[in-house]
Every structure is written in structure tokens, then in C-alpha cells.
Amino acid sequence: MTTTAIPAEAKRAPAPAPKRRPKREREGAAWVFLSPWVLGAIVLTLLPMAVSLYLSFTDYDLFNPPKWVGLRNYVQMFTEDPRYWRSVVTTVTYVVIAVPLQLALALVVALALKGMKRGKAFYRSAFYAPSLLGASMSIALVWRAVFNDGGTVDNLFGTGGWVNKPGWALLSVALLTVWQFGAPMVIFLAGLQQIPAELYEAAAVDGAGKWRQFLSVTVPMLSPVLFFNLVLQTIQAFQVFTPAFAVSAGKGGPADSTLVYTMYLYDRGFVASHMGYASAMAWVLLLVIGVVTAVLFRTSRSWVFYASEGDR
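The structure reproduced in this document is the subject of the present report. The numbers attached to residues start from 1 for each chain and follow its sequence in the written order. In keeping with the model being predicted, local features are shown solely for residues with a pLDDT of at least 70 and side-chain atom pairs are shown and tallied solely at 80 or more, while totals for entire chains, interfaces and linings include all residues. Computation of side-chain values: all heavy atoms of the structure, hydrogens and water removed.

Let's talk about the environment of Gln-102
(1) Moving on: Relative to the elements of secondary structure, Gln-102 occurs in helix H4 (residues 82–114).
(2) Moving on: Along the primary structure Gln-102 and Gln-180 are separated by 78 residues, whereas in three dimensions their C-alpha atoms are 7.6 Å apart.
(3) Moving on: Contacts: residue pairs with any heavy atoms within 4.5 Å of one another. Every residue in contact with Gln-102, bar those within four places of it in the chain, is listed here: Thr-177, Val-178, Gln-180, Phe-181, Pro-184 and Gln-233. Numbered from the N terminus, helices here are DSSP runs of H or I no shorter than four residues, and strands are runs of E no shorter than two.

Notes on the pattern of salt bridges
(1) Moving on: The term salt bridge refers to a pairing of a side-chain nitrogen on Lys or Arg with a carboxyl oxygen on Asp or Glu at a separation within 4 Å. Scanning the entire structure with this criterion turns up four salt bridges.
(2) Moving on: The partner of Asp-256 in a salt bridge is Arg-83, with the nearest N and O atoms 3.0 Å apart. Taken together, the residues Asp-256 in the loop between helix H12 (242–247) and helix H13 (261–271) and Arg-83 in helix H4 connect sequence positions 173 residues apart.
(3) Moving on: The shortest N-O distance in the salt bridge between Asp-256 and Arg-86 comes to 3.2 Å. Of this pair, Asp-256 sits in the loop between H12 and H13 while Arg-86 sits in helix H4, and the two are 170 residues apart along the sequence.
(4) Moving on: Because the salt bridges share partners, they merge into one network encompassing Arg-83, Arg-86 and Asp-256.

So, a nonpolar patch on the surface
(1) Moving on: Grouping into patches uses exposed residues only, defined as over 30% relative accessible area, and leaves out salt-bridged ones; the cut-off is 9 Å for like charges and 5 Å for nonpolar side chains (Val, Leu, Ile, Met, Phe, Trp, Tyr). Throughout, the Shrake-Rupley method with a 1.4 Å probe supplies accessible areas, and for residues the shown protein chains are the sole cover considered. On the surface, a cluster of nonpolar side chains totalling about 660 Å² of accessible area is made up of Leu-39, Ile-42, Val-43, Leu-44, Leu-46, Met-49 and Leu-286.
(2) Moving on: Here the element with the most residues in the nonpolar patch is helix H2 (residues 23–55); it accounts for six residues.
(3) Moving on: Here Ile-42 is to be found in helix H2.
(4) Moving on: The buried label applies to any residue whose accessible area, calculated with a 1.4 Å probe on protein chains only, is under 20% of its type's maximum; exposed applies above 50%, and partly exposed to all values in between. For Ile-42, a relative accessible area of 41% translates into the label partly exposed.

Details of the nonpolar core
(1) Moving on: Residues Met-77, Tyr-84, Tyr-94, Met-185, Phe-188, Tyr-261 and Met-281 are the most contacted members of the largest nonpolar core, which totals 59 residues.
(2) Moving on: Among residues more than four places away in sequence, those in contact with Met-185 are Ala-106, Val-109, Ala-110, Leu-113, Arg-124, Phe-127 and Tyr-128. Grouping buried Ala, Val, Leu, Ile, Met, Phe, Trp, Tyr and Cys residues that are joined through side-chain atoms within 4.5 Å yields what is termed a nonpolar core.

A few points about the packing of H13 against helix H14 (residues 275–299)
(1) Moving on: All axes here are fitted lines through C-alpha atoms, helices being fitted over the stretch that makes contact, and every angle between N-to-C directions spans 0 to 180 degrees. Orientation of H13 relative to H14, taken along the N-to-C sense of each, is 155 degrees, at an axis distance of 7 Å. As the angle between them shows, H13 and H14 are arranged roughly antiparallel. Between H13 and H14 the crossing geometry is left-handed. Of the residues in H14, those touching H13 at Tyr-261, Thr-262, Tyr-264, Leu-265, Arg-268, Gly-269 and Phe-270 are Met-275, Tyr-277, Ala-278, Met-281, Ala-282, Val-284 and Leu-285.
(2) Moving on: Residues are grouped as follows: nonpolar covers Ala, Val, Leu, Ile, Met, Phe, Trp, Tyr, Cys and Pro; charged covers Asp, Glu, Lys and Arg; every other residue, Gly included, is treated as polar. Per-class residue counts for the contact of H13 with H14 are eleven nonpolar, two polar and one charged. Every angle not falling under 35 degrees, over 145, or within 65 to 115 is termed oblique; those three ranges are roughly parallel, roughly antiparallel and roughly perpendicular. Two helices that cross are described as forming a left-handed crossing if the nearer one is turned anticlockwise from the farther one by less than a right angle, and a right-handed crossing if clockwise.

Things to note about the packing of aromatic side chains
Where two aromatic rings form a pair, the distance of their centres and the angle of their planes describe that pair.
(1) Moving on: The rule is short: rings of Phe, Tyr and Trp, with Trp giving its six-membered ring, pair when the centres are within 6.5 Å, and they are stacked under 30 degrees, edge-to-face over 60, tilted in between. The full count for this structure, using the stated rule, is 17 aromatic pairs.
(2) Moving on: Ring plane angle 25 degrees and centroid distance 5.3 Å describe the contact between Phe-241 and Phe-245, whose orientation is recorded as stacked.
(3) Moving on: For Phe-241, a relative accessible area of 24% translates into the label partly exposed.
(4) Moving on: Here the aromatic cluster, defined as three or more aromatic residues joined through ring pairs, consists of Tyr-54, Phe-57, Trp-68 and Tyr-74.

Notes on the environment of Leu-107
(1) Moving on: For Leu-107, the location among the structural elements is in helix H4.
(2) Moving on: Residue classification places Leu-107 among the buried residues on the basis of a relative accessible area of 16%.
(3) Moving on: With sequence-adjacent residues up to four places away left out, Leu-107 is seen in contact with Phe-188, Phe-214 and Leu-222.

As for unusual backbone geometry
(1) Moving on: A cis amide bond, omega 0 degrees, links Gly-253 with the succeeding residue Pro-254.
(2) Moving on: Within the fold, Pro-254 resides in the loop between H12 and H13.
(3) Moving on: We note that Ala-255 has phi near 55 degrees; this positive angle belongs to a residue other than glycine.
(4) Moving on: Within the secondary structure, Ala-255 sits in the loop between H12 and H13.
(5) Moving on: A positive phi is found at Asp-256, a non-glycine position, where the angle reads about 60 degrees.

Below is the structure:
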């Protein structure tokens, strides 16, 4: 009688499947890693927002306990404060001037960089550098010197100091923002590189020139990126502070022509010590930015094209 030898591998029992950690344990590990962000969001964002909302209904001067006044700050803001409305008009004017010019310049430079064969990395870095430096007070002070009496602009064009003319001071502030077009330019460049070359070839076969290709191919395919930049830059423009503060030497002049909203908020809260009033202004600004963003998202349905969906 013969016996068949059983291989050693067959004698081994199959390895047990690795045990999955209980769901509660996995969630606990996730919360451990998320805890720094959650703690920071609560302590540095949500809690200050809650305190600010409470202070907006009080009379608070930073030195005495806040006194509840209900809606008085909001009523005073809308009906009794002409400087408030001047700051609103100035801010809206600034947004209307700065955002379109900045996005247009960023798109033009991105188109130029896309067609470059050599030195693209260098020029991309060079054009992006102002976005890193432009928000600093030192650059804003240099900008004030450029547009001041006897500055570079005055010497070149003989127009006098823009920062001392009510009709030109806000434009000098807006140009500082336009100069910081590096961030949207990089985003535009990334979007342009994702457009298939076959679309341009097909348009050229149909007889479309460069301008028609730009309108019929580049703009529709780039519309999601354009929308993203538009929303981002609009939100940032409504919160402009440093350029206007530096150019006007912290006064919003001349004749309140550079008194943007956040600068007047700073004046009410930290100069006049009306922190309750400033908190009310901050919440109105938050609501306005939310409404403007919602309008942009609503209108985007008619002009933003997503290739994966095949519709607008």
C-alpha cells in the first residue's frame, strides 16, 4: 500500500483575513488628526465670529463693558452716516475697476506665456512675484511714492501726484491690485494648457482666425477657470485694506476718495473705539460678499461651460 506525501504547503492552514478596525475606532483616529484644524476653526474663527455678532448689537468702546442697544448700530449705519455710504460707493467703484483689469491682464500674459518656447518658467516666476510682495506695507508705500507729487508718474507724464487728486487717487490704488495679477495668471495658464490642441486644429480647418478661435474655443473651454478667478478676486477686492491705507496715509483721502469699506471699519473700531459699530459693519460686509458670490454662481449657469457635461 502506497501513501501519497502531502506537500507541506497544503498542510498549512489558510492565513486568517486581517481584521478591520471597528468603525468607532477608525472615526476616533480621524478626529485625532482633524483636531488641530477643528480646534483652530473654533477658537480662531467661529468663536470670534460669535463674539462679533453679539457686539454688533451693543455699544462697546473697548474699555467699558458692552451695552445692549439692539439694532441701533445698523439703523445708524444706513440712515445717519454719510461717510459709510461714501465708503460703500468707493469700494464698489474699486471692485468694478480693479477686478476686470486684473483678470484681463492676467489672461493676456497667460496667453503670451503659453506660446513661449523658452524661458517660460522664468517669466512665470517673474510675473508671479508681485502677488507675493504686493500685499506688504512696504510695497504700498513705494507705490505711494511712485504716484506722489514729484514721483515717477509725475516726472514721466507731468500729471502731478495722483494720490493727491480725488479723481485719480482710487485709480492708483486699483493699479496696485492690477499689478498683482500673478496668482490668477498662473491659474489661467494651467487652464490654457488643458485645452486640447485638436479643438484649435478643427477651428483652423473651418477657417477660424486667431480671434475667432479665442472667442469660440479658448473662452468657452476656459470659462470654469475664469469663473473661479472672478469669484476669488471679487471677494478679495471687497476686503482691500493695505493699499488704500498706505496710499492715503491712513486717512482715506483726499476727500474720502480712497476710503474703502474695510478702512472705514478700521477707523470706527480702532480709531474712534466704536467696536460695536465696526462689528455691525463687518457683518454687513460678510452678507454683501455672500450675496455677490451667490449672484455670480447663479449667473454662471448661462456662461460657464463644463466639457464633461457638454452644456452650459
